[in-house]
Amino acid sequence: MKMMVYHGTDCLFDQIDLSKSIGRRDFGKGFYTTTISSQAENWARSKKLRNQSEFAYVYVYEVDIPEDSFAIKRFEGLTVEWLNMIRDNRKLGGIQHNFDIMMGPVANDNTMLTVTRYVQGTYTAEEALSRLAYAKVNDQVTFHTERALECVRFIRRYTVE
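Since the model is a prediction, treat every value here as computed from it, not as a measurement. (Residues numbered from 1 in each chain as written. Predicted model: local features only at pLDDT ≥ 70, side-chain atom pairs only at ≥ 80, totals over all residues. Heavy atoms only, no water.)

A. Just the pairing of strand E3 (residues 56-64), in detail. Extensive coverage of E3 is indicated by the burial of seven of its nine residues. Of the strand pairs in this sheet, strand E1 (residues 2-9) and E3 are connected by eight bridges, and their pairing is antiparallel. The residue bridging glycine 8 from the neighbouring strand is valine 58, located in E3. Taken together, the eight bridges between E3 and strand E7 (residues 152-160) define a ladder with antiparallel strand orientation. The residue bridging glutamate 62 from the neighbouring strand is arginine 153, located in E7. (Buried < 20%, exposed > 50% of the residue type's maximum accessible area, 1.4 Å probe, protein only. Helix = DSSP H or I, 4+ residues; strand = E, 2+ residues; numbered from the N terminus. Pairing = 2+ DSSP bridges.)

B. Broad picture of helix H3 (residues 112-120). Taken together, the buried positions of H3 are occupied by Thr114, Val115, Tyr118 and Val119. Along the long axis of H3, the arc covered by the buried residues comes to 135°, so they all point the same way. Counted as exposed and oriented over 90 degrees from the buried face of H3: Leu113 and Gln120. Looking one or two residues beyond H3, the residue adopting positive phi is glycine 121, at roughly 90°. (Arc of directions from axis to C-beta.)

C. Highlighting the nonpolar core. The biggest cluster of nonpolar side chains holds 19 residues, and the ones touching the most others in it are Val63, Ile65, Ile101 and Phe143. Of all elements in the fold, only E1, E3, strand E5 (101-105), strand E6 (139-143) and helix H5 (146-149) reach the threshold of two or more residues within this core. Here the element with the most residues in this core is E3; it accounts for four residues. Leaving out residues up to four positions away in the same chain, valine 63 has contacts with Met1, Lys2, Met3, Val5, Phe143, Cys151 and Val152. In terms of nonpolar packing, the next biggest core, distinct from the first, is built from 16 residues, Phe27, Tyr32, Leu83 and Val115 among them. (Core = buried A, V, L, I, M, F, W, Y, C linked by side-chain atoms within 4.5 Å. Contact = heavy atoms within 4.5 Å.)

D. The arrangement of the pattern of salt bridges in detail. Across all of its chains, the model carries five salt bridges by this definition. When the shortest N-O distance is used, the salt bridge between arginine 90 and aspartate 26 registers 2.4 Å. Here the residue arginine 90 occupies a position in helix H2 (residues 80-92), and aspartate 26 occupies one in the loop between E1 and strand E2 (31-33), the gap between them amounting to 64 residues. The class for aspartate 26 is buried, based on a relative accessible area of 5%. The closest approach of N and O atoms between arginine 147 and aspartate 100, which form a salt bridge, is 3.7 Å. Taken together, the residues span a long stretch of sequence, with arginine 147 in helix H5 and aspartate 100 in the loop between H2 and E5 at a distance of 47 residues. According to the relative accessible area criterion, arginine 147 is partly exposed, its value standing at 41%. (Salt bridge = Lys/Arg side-chain N within 4 Å of Asp/Glu carboxyl O.)

By themselves, these observations are geometric and do not establish any function.
Structure representation (structure tokens):
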């Protein structure tokens, strides 16, 4: 499977370093990308503002994944399984799965309140999914092992305002 992915950040780097990944994210510790360049640009701007950084960057990568060689998990939409993956990774931290690569919806500003209330136990899965039924969601493609990163080839980096 070939695709272009984008990573938005306020950090300048030459190599992807999984040890710098923060825990308690949707799919656990890993390198987070998206297939949507404008989403990566928004991530970069948000990090720049939050960290009061001087610059915001988007990294562009080409990915070529031989699917039969990796443990890959694809979430097709907003499902109970997706909610549970987010809940487990956010509550427990680290990586609460055995996948090299994960793909699926991102819990973003459009879904955050509902997902947070599910993680906290305020909503049942059914209530959360009902509230999320009409949410516009973007995607994320995450890499969780060094071996998976071998499929990721740097193309270029650009700054965003």
